[in-house]
Amino acid sequence: MIVVKDLVRQFKSGDRTIKPVNGVSFELEKGSLASIVGKSGSGKSTLLSLLGALDKPTSGDVVVDGVSLAGLPDGKLTEYRRRDIGFVFQQFNLIPNLSAVDNVMLPMEFAGVRKAARLQRAKELLEQVQLDPEKHSRRTNRLSGGEQQRVAIARALANEPKLILADEPTGNLDEQTGEHIIELLSSLSRDHNTTILVVTHDRSLAKKTERCFRLQQGRLTEEVRTESRR
Ligand SMILES: Nc1ncnc2c1ncn2[C@@H]1O[C@H](COP(=O)(O)OP(=O)(O)OP(=O)(O)O)[C@@H](O)[C@H]1O
Ligand SMILES: [Mg+2]
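Note that the structure is a prediction, hence the values are computed from the model and not measured.

Points about the sheet that holds strand β3 (residues 33–37)
Through backbone hydrogen bonds, the strands of a sheet pair up, either in parallel or in antiparallel fashion.
Piece 1. One open sheet holds the six strands; their spatial order is β6-β7-β8-β3-β9-β10, and the pairing between them is mixed. Two strands lie at the open edges of the sheet, namely β6 (85–89) and β10 (219–222), each paired on one side alone. Sheet twist, expressed as the mean angle between neighbouring strand axes with direction ignored, is 20°.
Piece 2. As paired strands, β6 and strand β7 (residues 163–167) are joined by five bridges and run parallel to one another. Looking at the pairing, phenylalanine 89 lines up with aspartate 167 of β7.

Given below as structure tokens:
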């Protein structure tokens, strides 16, 4: 369970101060899939960075399974980021000259998992994201965008994170491939009971998530749903 409490992040912009995140509070149940929409520059990526401990808030707190990030020293924050968070980005951010399977093994290596176990788990994850087995050992710069995003999602799952943060994971994909990626995230949140928060510009994709939030003028509001999407 993720509890976000009155989060504020301000930046200096010339002689002005901007607050793209200005008093954001919400909770995510374990295993839920939620989306965030909002205009460009509204603070969506800033908010994800705070949740993933890539950045620190000006004030407020994020509490993950009872542990307050505000109370953690830097070393523990790094550990949290590596072990408890899986990141998925618009640009995939894979290592281009490593194979798909090596990319997925990398976070497990940082976490100290033995080689044989890493290899087996990486293969299983690539199967779960439905990457064609003959492409498992192909260098990722020789995969299509949709295939690369599947690898990136498998990599995000590698250490069984508590939370997956996906920043416009379908932004570089065509509509149909984007839909497959959202469906994949949805089934993974169910099967692994992983909490997933996805930022998207695409309203039709946001509609496919259980909950949808809108970030506007530093505040987050939840859009009311009349029916479950699952
Ligand atoms: N490190 C930083 N220093 C100063 N200003 C920043 C920094 N990071 C983000 N900002 C500003 O904060 C605001 C929110 O940026 P953010 O990247 O969170 O928006 P976004 O909603 O993700 O936009 P997009 O949809 O275009 O990705 C913008 O005005 C941006 O210029
Ligand atoms: Mg952004």
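Things to note about the packing of aromatic side chains
Piece 1. Scanning the entire structure with this criterion turns up two aromatic pairs.
Piece 2. Between phenylalanine 26 and phenylalanine 213 the ring centres are 5.2 Å apart and the planes differ by 50°, which places this aromatic pair in the tilted class. On the criterion of sequence distance, the pair formed by phenylalanine 26 in strand β2 (residues 16–28) and phenylalanine 213 in strand β9 (residues 211–216) is long-range, its members being 187 residues apart. Side by side, phenylalanine 26 and phenylalanine 213 carry an identical accessibility label, which is buried.
Piece 3. Their ring planes at 10° and their centres at 5.9 Å tell us that phenylalanine 87 and phenylalanine 89 sit as a pair that is stacked.
Piece 4. Taking the relative accessible area as the measure of exposure, phenylalanine 87 reaches 17% and is therefore buried.
Piece 5. Classification of phenylalanine 89 as partly exposed rests on a relative accessible area of 28%.
Piece 6. Looking at arginine 82, its charged tip hangs above the ring of phenylalanine 110, at a distance of 5.6 Å from the centre.

Re helix α2 (residues 74–84)
Note on helix geometry: an α-helix contains 3.6 residues per turn, so any two residues three or four positions apart are oriented the same way.
Piece 1. Within α2, burial applies to Leu77, Tyr80 and Asp84. Seen end-on, α2 carries its buried residues on one side only, within an arc spanning 75°. Set apart from the buried face of α2 by more than 90 degrees, the exposed residues are Gly75 and Arg82.
Piece 2. Packed against the buried residues of α2 are α1 (44–51), β4 (59–64), β6 and β7.

Quick notes on the pattern of salt bridges
Piece 1. In the structure shown here, the tally under the stated rule is eleven salt bridges.
Piece 2. One salt bridge connects arginine 203 with glutamate 223, and the closest N-O pair in it is separated by 3.2 Å. With a gap of 20 residues between them, arginine 203 in helix α7 (residues 203–206) and glutamate 223 in the segment after β10 connect regions that are remote in the sequence.
Piece 3. Across the salt bridge formed by arginine 211 and glutamate 222, the nearest N and O atoms sit 2.9 Å from each other. Highlighted residues: arginine 211 in strand β9 and glutamate 222 in strand β10, separated in sequence by eleven residues.
Piece 4. For arginine 211, a relative accessible area of 22% corresponds to the partly exposed category.
Piece 5. With a relative accessible area of 38%, glutamate 222 lands in the partly exposed category.
Piece 6. If you follow the salt bridges from partner to partner, you end up with Asp65, Glu79, Arg83, Asp84 and Lys162 in one network.

The rules we used
- Residues numbered from 1 in each chain as written.
- Chains lettered and ligands numbered in written order.
- Predicted model: local features only at pLDDT ≥ 70, side-chain atom pairs only at ≥ 80, totals over all residues.
- Heavy atoms only, no water.
- Pairing = 2+ DSSP bridges.
- Helix = DSSP H or I, 4+ residues; strand = E, 2+ residues; numbered from the N terminus.
- Axes fitted to C-alpha atoms, helices over the stretch in contact; angles between N-to-C directions.
- Phe/Tyr/Trp six-rings, centres within 6.5 Å; stacked < 30°, edge-to-face > 60°.
- Buried < 20%, exposed > 50% of the residue type's maximum accessible area, 1.4 Å probe, protein only.
- Lys NZ or Arg CZ within 6 Å of the ring centre and 35° of its normal.
- Arc of directions from axis to C-beta.
- Contact = heavy atoms within 4.5 Å.
- Salt bridge = Lys/Arg side-chain N within 4 Å of Asp/Glu carboxyl O.

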